[in-house]
Amino acid sequence: MFPKVNIRRFFIGMVIGAIGLFLFTQTPIGARFLGRTPQNLETEKVVKKDLRVTVSASGSITTENRATLRFQTPGKLAWINAQDGDAVTRGQALASLDTTKLNADYQRALSDLRAAQATLERVYDEVKGHETDETFTQKEKRTLAEVANDKAYEAVVKAQKDLNDATLVAPFDGIVTTVTEGMVAGNNVSPGDTIILVGTQTIVFTALVDEVDFGKVKADQKVIVVLDAFPNEEFSGEVLQIKKVAEQTSTGGTAIPVKISLPKDPRFISSDSEKQAPLIIGLSGEAEFIVNEKKDALVVSRRATKRVGNEVFVYILRGQDRVSQVVKLGLESDREVEVIEGLHAGDTVIVNGAGDESR
């Protein structure tokens, strides 16, 4: 009869051994030793899809047109028809000064001009016929009348300009972004009080392309823009302009500003806040410059490919068996690759958990 203590050690050893064997079989090496595939593999299907090779760059929505409207002279504000967020059209009057005095000045200038013109006509009549023998007195009288008429005309032009400048008019279709606080009808305003307007007809996305990727960006290149505020929506555009001067980024790198067109979207003008958020100047996002693309390509994850020397292969899962398959690659993006030879749509490849990369 065995001692009691040895039986206890025997059973403890059996339990430890069983646990160790179980854990060993869950590893890729143990699974292959037992002739089966481990259960914790990460796999994926080989699919046909459109494959894009892109260059990414961060940026934001900007506009080509921006105007700061201000009165040229101080005065009392008669009325204002603009506030933050208003959509306006070209030629729309936004605010006006009290023009009572300006109108009076304009009418006075017109009267002075008519008087000067009448005097000049009388002088011309007096010197008529003396083109070749005009006396110094006649010449002086004619010149003074002409100068007085010119001054009267210039006074009319100035009075007309002052009257026109008393009304702020939108120079293009756009959105009011800022109205100086205190611009209220009845208040006195100065040239420092402004209405700021940004254009909606020249909305672009300006991306800062890293100098490393700059050589892959070209004029008219197709671009996909995704805004942080609308992550599930893509905006198609193309390269409009590549700036000639690089900028220093906040991290000390060098980037080149690239302007990208955006599709016409009514949300740039107005939006029903209860149903749809507006697209506003300054929204940030990511631009994907399409360097190359292929329709209906046979695609697998880049992580599924293994390389030994110049040979590329993947592991195909067939039942419980792991089979190595040499493949030939075509177009390659950061995350996916096109398989030209070696695989078929629907094949299951092992992405992770196949073990070492030796064959």
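Residues numbered from 1 in each chain as written. Predicted model: local features only at pLDDT ≥ 70, side-chain atom pairs only at ≥ 80, totals over all residues. Heavy atoms only, no water.

1. Here we look at the overall build of the protein
Stage number 1. The secondary structure content of the protein amounts to four helices and 22 strands.
Stage number 2. The buried share of the protein, reckoned over its 359 residues, is 33%.
Stage number 3. Summarising the internal contacts of the protein: among those between residues at least 6 apart in sequence, 71% fall at separations of at least 24.
Stage number 4. Surface accessibility of the protein: about 22100 Å² in total, with carbon and sulfur atoms responsible for 53%. (Helix = DSSP H or I, 4+ residues; strand = E, 2+ residues; numbered from the N terminus. Buried < 20%, exposed > 50% of the residue type's maximum accessible area, 1.4 Å probe, protein only. Contact = heavy atoms within 4.5 Å. Areas by Shrake-Rupley, 256 points an atom, 1.4 Å probe, with all protein chains shown as cover.)

2. What about the confidence of the model for the protein?
Stage number 1. For the protein, per-residue confidence averages 84 on the pLDDT scale, and residues scoring 70 or more make up 84% of the total.
Stage number 2. Scored below 50 in pLDDT, residues 33-37 makes eleven contacts in the model with residues more than four places away or belonging to other chains. (pLDDT = per-residue confidence, 0-100.)

3. Focus: the sheet that holds strand E6 (residues 93-97)
Stage number 1. Sheet architecture is open: four strands sit in the order E7-E6-E4-E9, paired in antiparallel fashion. Since the sheet does not close on itself, it has two edges, and those belong to strand E7 (167-169) and strand E9 (188-189), each with one partner.
Stage number 2. As judged from the three bridges shared by E6 and E7, these two strands associate in the antiparallel manner. Bridge pairing links Ser-96 to Thr-167 in E7. (Pairing = 2+ DSSP bridges.)

4. Here's the deal with the packing of aromatic side chains
Stage number 1. In this structure the tally under the stated criterion is one aromatic pair.
Stage number 2. Plain terms: the ring middles of Phe-313 and Tyr-315 are 5.5 Å apart, the flat faces sit at 85° to each other, and that makes the pair edge-to-face. Each of the two residues, Phe-313 as well as Tyr-315, counts as buried.
Stage number 3. Over the ring of Tyr-315 we find Arg-322, and its NZ or CZ is 3.9 Å from the ring centre. (Phe/Tyr/Trp six-rings, centres within 6.5 Å; stacked < 30°, edge-to-face > 60°. Lys NZ or Arg CZ within 6 Å of the ring centre and 35° of its normal.)

5. Overview of the sheet that holds strand E8 (residues 174-179)
The strands that make up a sheet pair up through hydrogen bonds in the backbone, lying either parallel or antiparallel.
Stage number 1. Strand order in this open sheet of four strands is E3-E10-E8-E5, and the pairing throughout is antiparallel. Looking at strand neighbours, the two that pair on one side only are strand E3 (66-70) and strand E5 (87-88), the edges of this open sheet.

6. Describing the pairing of E3
Stage number 1. Side chains of E3 alternate between two faces, with Ala-67 and Leu-69 buried and Arg-66, Thr-68 and Arg-70 left unburied.
Stage number 2. Two strands pair when backbone bridges link them, and E3 and strand E10 (residues 194-199) are joined in this way by five bridges, in the antiparallel orientation. From the neighbouring strand, Arg-70 faces E10, where its bridge partner is Thr-194.

7. Looking at the nonpolar core
Stage number 1. Judged by nonpolar contacts, the single largest core of 28 residues is most densely connected at Phe-71, Leu-77, Leu-94, Val-176, Met-183 and Ile-195.
Stage number 2. Of all the secondary-structure elements, those providing two or more residues to this core are E3, E6, helix H3 (100-126), helix H4 (136-165), E8 and E10.
Stage number 3. Residue contributions to this core peak at five residues, all from H3.
Stage number 4. Setting aside residues no more than four positions away along its own chain, Ile-195 makes contact with Ala-67, Thr-68, Leu-69, Ile-80, Ala-82, Leu-94, Ala-95, Leu-168, Val-176, Thr-178, Val-179 and Met-183. (Core = buried A, V, L, I, M, F, W, Y, C linked by side-chain atoms within 4.5 Å.)

8. Looking at the side chain of Thr-305
Stage number 1. Within the secondary structure layout, Thr-305 lies in the loop between strand E16 (284-301) and strand E17 (306-308).
Stage number 2. Side-chain polar atoms of Thr-305 contact the backbone oxygen of Arg-302, separated by 2.7 Å. (Polar contact = N/O pair within 3.5 Å; in protein donor to acceptor, adjacent residues only side chain to side chain.)

9. A look at H3
Think of an α-helix as 3.6 residues a turn; residues three or four steps apart then line up on the same face.
Stage number 1. For H3, spanning 27 residues, the distance from its first C-alpha to its last is 40 Å, which sits close to the expected 39 Å at 1.5 Å a residue.
Stage number 2. Of all the residues in H3, the buried ones are Leu-102, Tyr-106, Ala-109, Leu-113, Ala-116, Leu-120 and Val-123.
Stage number 3. Close packing links the buried residues of H3 with H4. (Expected span 1.5 Å × (residues − 1).)

10. Considering H4
Stage number 1. Its 30 residues place the ends of H4 43 Å apart at the C-alpha level, agreeing with the 44 Å of an ideal helix rising 1.5 Å per residue.
Stage number 2. The secondary structure elements touched by the buried residues of H4 are H3 and E7.

11. Considering the pattern of salt bridges
Stage number 1. According to the stated counting rule, one finds 16 salt bridges in the structure shown.
Stage number 2. Ionic pairing is found between Glu-146 and Arg-142, a salt bridge with its closest N-O pair at 3.2 Å. Taken together, the residues span about one helical turn, with Glu-146 and Arg-142 both in helix H4 at a distance of four residues.
Stage number 3. For Glu-146, a relative accessible area of 22% translates into the label partly exposed.
Stage number 4. One salt bridge connects Asp-162 with Lys-158, and the closest N-O pair in it is separated by 2.9 Å. Within this pair, Asp-162 and its partner Lys-158 are both found in helix H4, separated by four residues, close to a single helical turn. (Salt bridge = Lys/Arg side-chain N within 4 Å of Asp/Glu carboxyl O.)

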